[in-house]
Amino acid sequence: MNYLKHFKVALGSAIKLRDVDADFSGPYKHKEEAAEPLESSLKEIFDLQLKLYAESRRALLIVVQAMDTGGKDGLIRSVFSGVNPQGCRVTSFKAPSAEEAAHDFLWRIHQAVPPKGYLGIFNRSQYEEVLTVRVHKLLPKNVWAARYEQINAFEKLLAQNGVVILKFYLHISKDEQKKRLQSRIDDPLKNWKFEPNDLKERALWDDYSKAYEEALTRCSTKWAPWFIIPANKKWFRNLAVAKIIEHTMKGMDIQ
């Protein structure tokens, strides 16, 4: 299966998330079937990361976005737990601080871009400025609408300066989100994950879907492609992302 081709958002395509099967798991029916190929990819990523660090000429930036409960944290733990922490940086973007809000919206993003030789992971990203900002009407439309082109230009700047960019949208169904939220309520070990605001955000599912569809449509470029990863099955989500990262790093011909 060509993971890179299968899940990449084609340039100029109009994305409709309702047409994407969040339960898709390729040729695999069970988690056990995917265990060996996943382990193989994780080993390759580990070896390639060491070479990337030694080469120190380019960086790899991985952007992860999803609806609430979409599995961003779980993906990062599963796929990157084996990499060398000395050459890996994970940045989680929350609401901007007072200092960050006093600058342009990309200022804090640029500061977190991995240096040459490093693998960087963004848990949420610059795209919150056309997602959360849009859905909650934090800024006028003419402000956030201009940010699609600004983000594309920013990512092109990074790519022209040696940063390879992969962007993953972890796609879950609304029913799956309901199950995961209920699990956070029912399981005492997961209670800490649940916040009352989660239910308010869930009520905005359709608005977030439209916002994601426009971001995926307008900001999947040759230099920074988007990949829509079916994520109802966590084990397949991990495998698909690992395979795309492995393929991309091999294609970098790291010396």
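Here we come to the nonpolar core. It is characteristic of soluble globular proteins that their nonpolar side chains tend to be buried jointly. One finds Phe80, Phe168, Leu170, Ile229, Ile244, Ile245 and Met249 to be the most contacted residues of the largest nonpolar core, which totals 76 residues. For this core, the element with the most residues is helix α12 (residues 234-251), which contributes nine residues. With residues up to four places along the chain from it excluded, the contact list for Phe80 reads Ile62, Leu75, Leu119, Ile121 and Ile245.

Tracing the sequence through the fold places Glu149 in helix α8 (residues 147-160). In this structure, the C-alpha to C-alpha distance between Glu149 and Cys219, residues 70 residues apart in sequence, is 7.9 Å.

Below, the discussion takes up α12. Along its 18 residues, α12 runs 26 Å from first to last C-alpha, staying within 8% of the 26 Å computed at 1.5 Å per residue. Taking burial as the measure, the 18 residues of α12 include 13 buried ones, the bulk of the element. Count one or two residues on from α12 and you reach Asp253, which has phi positive near 50°.

In this section: the side chain of Ser125. The topology assignment puts Ser125 in the loop between β3 (119-123) and α6 (132-135). In this structure the side chain of Ser125 is engaged in a polar contact, spanning 2.7 Å, whose partner is the side chain of Gln65. With near-sequence residues (within four places) excluded, Ser125 lies in contact with Val63, Gln65, Phe93 and Ile109.

Our focus in this paragraph is the packing of helix α2 (residues 31-55) against α12. Where α2 contacts α12, the axes come no closer than 9 Å and their chain directions differ by 35°. In the crossing of α2 with α12, the sense of the turn from one axis to the other is left-handed. The residues of α12 that touch α2, namely those facing Lys31, Ala34, Pro37, Leu38, Ser41, Leu42, Glu44, Ile45, Leu48, Gln49 and Leu52, are Trp235, Asn238, Leu239, Ala242, Lys243, Ile245, Glu246, Met249 and Lys250.

For the rest of this paragraph, the subject is the environment of Ile151. Locating Ile151 in the fold gives a position in helix α8. We classify Ile151 as buried; its relative accessible area is 0%. As for Ile151 and Glu129, which are separated by 22 residues in sequence, their C-alpha atoms are 9.6 Å apart. Those residues within four positions of Ile151 in sequence are excluded, and the remaining contacts are Phe105, Gln126 and Tyr127.

With that settled, the discussion passes to the pairing of strand β5 (residues 226-230). Most of β5 is tucked away: five of the five residues are buried. On β5, burial covers both faces: Trp226, Ile228 and Pro230 on one face and Phe227 and Ile229 on the other are all buried. Summarising the sheet, strand β4 (residues 163-171) and β5 pair through five bridges and their orientation is parallel. Within the sheet, the bridge partner assigned to Leu170 lies in β5 and is Ile229.

What counts and how
Residues numbered from 1 in each chain as written. Predicted model: local features only at pLDDT ≥ 70, side-chain atom pairs only at ≥ 80, totals over all residues. Heavy atoms only, no water. Core = buried A, V, L, I, M, F, W, Y, C linked by side-chain atoms within 4.5 Å. Buried < 20%, exposed > 50% of the residue type's maximum accessible area, 1.4 Å probe, protein only. Helix = DSSP H or I, 4+ residues; strand = E, 2+ residues; numbered from the N terminus. Contact = heavy atoms within 4.5 Å. Expected span 1.5 Å × (residues − 1). Polar contact = N/O pair within 3.5 Å; in protein donor to acceptor, adjacent residues only side chain to side chain. Axes fitted to C-alpha atoms, helices over the stretch in contact; angles between N-to-C directions. Left-handed = near helix turned anticlockwise from the far one by under 90°. Pairing = 2+ DSSP bridges.

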